[in-house]
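This is what each chain is made of:
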Amino acid sequence: MLSSIPPRCRRHFPSPHSLLSHLHLLLNLHTSPPKTPPNSLSTLNPPRNSLPNPTLDLSNSIHNLSNSTKSLDFDQTTVLQTLSCYASDWKKAFEFFNWVETQCGFQHTTETCNRMIDILGKFFEFDLALNLIEVMKKSQCSMPDYTTFRVMFKRYVSAHLVNEAICLFDKLNGFGLRDEVSFSNLVDALCEYKHVIEAEELCLGKDGKNLGFGLSTKIYNMILRGWFKIGWWAKCREFWEEMDRIGVRKDLHSYSIYMDICCKGGKPWKAVKLFKEMKKKGIKLDVVAYNTAIRAVGLCDGVDVAVRLSREMMELGCEPNVVTYNIIVKFLCENGRVREAYKVLDKMSKRGCAPNVLTYHCIFGCLEKPREILELFDGMIGSGVRPRMDTYVMLMRKFGRWGFLRPLFVVWKKMEEHGLAPDEFAYNALIDALVQKGMIDMARKYDEEMLAKGISAKPRAELGTKLVTGESDDGLLMKSIRARISKTAHWWSRKRNISCGTLVKTGSQ
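What this report covers is the structure whose coordinates are included nearby. (Residues numbered from 1 in each chain as written. Predicted model: local features only at pLDDT ≥ 70, side-chain atom pairs only at ≥ 80, totals over all residues. Heavy atoms only, no water.)

### Points about the environment of W269
Step number 1: With respect to the secondary-structure elements, W269 resides in helix α14 (residues 268–281).
Step number 2: Considered as a pair, W269 and A293 are 24 residues apart in the sequence and their alpha carbons are 9.7 Å apart. (Helix = DSSP H or I, 4+ residues; strand = E, 2+ residues; numbered from the N terminus.)

As structure tokens, then:
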């Protein structure tokens, strides 16, 4: 497949041998079960007089892995999981994506290509993403689908390239996908990334009449949720009333969204009133509506009333989901009732509703003893819940704030053992903790490692990386914004021959 990509787009493919050491651990994790249990995270004994920097002696392993690639039988799940591990390093992800096809004979599917496109778009590599879509179009095994373009809409809009996302939608006739589903995906991306003004203009403006299909309640719900995302409460109320004026038939999702708006807007009693109104109208309630009502009741009347409503929900035959339990656990933790939160955690497993990573986040947030946190982290991994990158960052920031480096490096080591590449937030959490403890040389080492990977480092006076003495936070923010504009402009200038310097200067005004 990738042999069809133009040479200028294949410049990012280094030799596959450089990736073998990175893949060794991932292949063991994904292609065969571990023969021995992992070391407990509760062990707080890193090597004395040095900070842990775990490396594997792979001199023989690389040779063995290289010789055995032809016999490896990669499946889609393994490839997807490995790409997810490299989500913070697009070059390694792209290298693996090519290597697994050319060296191992894996036939890429639509799902694996979509994951690669998502990673490329995250780093503004839109040329590579668009070329990959063209290659997908030529293969029966990886034809572009709605998800392909939903990912592209999301990445374009997140980079504030709204016109490009709309132009891409207009080109979907060539793929047979320019219909209401793709339009819904486009509007959803615009509203998700706070371009709701453009979304409303696209749907309700003059261009909305030339779409070739009508607007469903789902589209109006997306726009309502878009105003909610930017926290414009008055506009939410105005649009809610506008839906009545133009005759939009509100459904269960409309009410659920507006109930959530009332909760987040500081008026949970209005959400409770809407909940009662739904029951009077005979609208069949689902678990999402109940979850919002439970949150609203908990804010108004406390966690005990919220628990009673959850029991009422179960008595009426609506089974709670993991979000329901997460709401209860969060309320209990916020009220200092941690032991009761642990009981709810045990009850979830017995009821067949396995806790997710957010359940543990609620409890991590209120624990105050490093050993207790690490024991719960051990239990989380042992139960099959895979920590996310923000889980590691949350714990590292917590330990760094307390000044505990040993548990911080236990978490860092576990992150590497799971094959996750540290992102900007993980590096900053580690470096900040080292600077706070006065370990400047080690902090500088990780700062340089961060820059070598192409990840923007936060300016720090202690490391001599602060650009201008006495520079304000607003000045640093503007430099960060200009850097983002410059990266976007670099891609854009190749499309329209616009000077990058002109765009950066315009963005800074």
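Moving on, there is more to tell.
### A look at the state of the cysteines
Step number 1: Under the defined criterion, the tally for this structure stands at 0 disulfides.
Step number 2: Left without a disulfide partner, C203 is nearest to the cysteine sulfur of C191, which lies 7.2 Å away.
Step number 3: Free of any disulfide, C262 has its nearest cysteine sulfur in C263, 7.2 Å distant. (Disulfide = S-S within 2.5 Å.)

### Regarding the packing of helix α7 (residues 146–158) against helix α8 (residues 162–170)
Step number 1: Contact geometry of α7 with α8 gives a least axis separation of 8 Å together with a crossing angle of 160°. In this view, α7 runs roughly antiparallel relative to α8, as classed from their interaxial angle. The residues of α8 that touch α7, namely those facing F149, M152, F153, Y156 and V157, are E164, A165, L168 and F169.
Step number 2: Residue classes in the contact of α7 with α8 are distributed as 8 nonpolar, no polar and 1 charged. (Axes fitted to C-alpha atoms, helices over the stretch in contact; angles between N-to-C directions. Parallel < 35°, antiparallel > 145°, perpendicular 65-115°, else oblique. Contact = heavy atoms within 4.5 Å. Nonpolar A, V, L, I, M, F, W, Y, C, P; charged D, E, K, R; others polar.)

### With respect to helix α23 (residues 424–436)
Residues spaced three or four apart along an α-helix face the same direction, because each turn holds 3.6 residues.
Step number 1: In a regular helix each residue adds 1.5 Å, so 13 residues correspond to 18 Å; α23 covers 18 Å between its end C-alpha atoms and thus fits that length.
Step number 2: All of the buried residues along α23 are A426, Y427, N428, A429, L430, I431, A433, L434 and V435.
Step number 3: Of the residues that open α23, the one with a side-chain oxygen 3.2 Å from the backbone nitrogen of F425 is D423. (Expected span 1.5 Å × (residues − 1). Buried < 20%, exposed > 50% of the residue type's maximum accessible area, 1.4 Å probe, protein only. Polar contact = N/O pair within 3.5 Å; in protein donor to acceptor, adjacent residues only side chain to side chain.)

### Some remarks on the side chain of K250
Step number 1: Mapped onto the elements of the fold, K250 is located in the loop between α12 (233–245) and α13 (252–264).
Step number 2: Within the structure, K250 has its side chain in polar contact with the side chain of D244 (distance 2.8 Å).
Step number 3: With near-sequence residues (within four places) excluded, K250 lies in contact with W240, M243, D244 and Y255.

### Here we look at α7
Step number 1: The first and last C-alpha atoms of α7 sit 18 Å apart over 13 residues, in line with the 18 Å expected at 1.5 Å per residue.
Step number 2: Within α7 the residues assigned to the buried category are T148, F149, V151, M152, F153, R155, Y156, V157 and S158.
Step number 3: A distance of 3.2 Å separates the backbone nitrogen of T147 from a side-chain oxygen at the start of α7, and that oxygen is part of D145.
Step number 4: Where α7 terminates, the next one or two residues include H160, which has phi positive at roughly 65°.

### Quick word on the side chain of S310
Step number 1: If you trace the backbone, S310 turns up in helix α16 (residues 303–315).
Step number 2: By relative accessible area, which is 9% here, S310 ends up buried.
Step number 3: Those residues in contact with S310 that sit more than four places away from it in its chain are I294 and T324.

### A short note on the pattern of salt bridges
Step number 1: Counted under the stated rule, the structure contains 25 salt bridges.
Step number 2: Across the salt bridge formed by R115 and D118, the nearest N and O atoms sit 3.0 Å from each other. Placement of the pair is R115 and D118 together in helix α5 (residues 110–122), with a separation of 3 residues, close to one helical turn.
Step number 3: Looking at D118, the relative accessible area reads 12%, which means it is buried.
Step number 4: Close ionic contact of R295 with D260 constitutes a salt bridge, the shortest N to O distance being 3.9 Å. Of this pair, R295 sits in helix α15 (residues 287–301) while D260 is found in helix α13, placing the two residues 35 residues apart along the sequence. (Salt bridge = Lys/Arg side-chain N within 4 Å of Asp/Glu carboxyl O.)

### A word on the nonpolar core
It is characteristic of soluble globular proteins that their nonpolar side chains tend to be buried jointly.
Step number 1: By size, the foremost hydrophobic cluster in this structure holds 141 residues, and its most contacted members are M116, F153, V187, I223 and W412.
Step number 2: Those residues in contact with V187, other than ones at most four positions away along the chain, are A199, C203, I219, M222 and I223. (Core = buried A, V, L, I, M, F, W, Y, C linked by side-chain atoms within 4.5 Å.)

### Quick look at the packing of α12 against α13
Step number 1: Running from amino to carboxyl end, α12 crosses α13 at an angle of 155°, the nearest separation of the two axes being 11 Å. When the axes of α12 and α13 are compared, the pair comes out roughly antiparallel. As for how α12 packs across α13, the hand of that crossing is left-handed. On α13, the residues that touch W233, C236, R237, W240 and M243 of α12 are S254, Y255, Y258, I261 and K264.
Step number 2: Here the contact of α12 with α13 is composed, by residue class, of 7 nonpolar, 1 polar and 2 charged. (Left-handed = near helix turned anticlockwise from the far one by under 90°.)

### A look at a nonpolar patch on the surface
Step number 1: A surface patch of nonpolar side chains, about 290 Å² in accessible area, is lined by I197, I230 and W232.
Step number 2: When you line up the elements, W232 lands in the loop between α11 (217–229) and α12. (Patch = residues over 30% accessible without salt bridge, like charges linked within 9 Å, V, L, I, M, F, W, Y side chains within 5 Å. Areas by Shrake-Rupley, 256 points an atom, 1.4 Å probe, with all protein chains shown as cover.)

### Here's the deal with the packing of aromatic side chains
Step number 1: One pass over the full model with this rule turns up 22 aromatic pairs.
Step number 2: Seen from their ring centres, F169 and F183 are 5.7 Å apart, and the 55° between their planes marks the pair as tilted. Residue F169 is found in helix α8, and its partner F183 is found in helix α9 (residues 180–192); the two are separated by 14 residues along the sequence.
Step number 3: Classification of F183 by relative accessible area gives buried; the value is 1%.
Step number 4: For the ring pair F377 and Y392, a centre distance of 5.8 Å and an interplane angle of 80° mean the geometry is edge-to-face. On the criterion of sequence distance, the pair formed by F377 in helix α20 (residues 370–382) and Y392 in helix α21 (residues 389–402) is long-range, its members being 15 residues apart.
Step number 5: F377 gets classed as buried once you look at its relative accessible area, which sits at 0%.
Step number 6: We classify Y392 as buried; its relative accessible area is 0%.
Step number 7: Members of the aromatic cluster, joined through ring pairs, are F74, F96 and W99.
Step number 8: Directly above the aromatic system of F175 lies the positively charged group of K137, at a separation of 4.6 Å from the ring centroid.
Step number 9: For the cation-ring pair, K445 lies above Y446, with the distance from its terminal atom to the ring centre recorded as 5.3 Å. (Phe/Tyr/Trp six-rings, centres within 6.5 Å; stacked < 30°, edge-to-face > 60°. Lys NZ or Arg CZ within 6 Å of the ring centre and 35° of its normal.)

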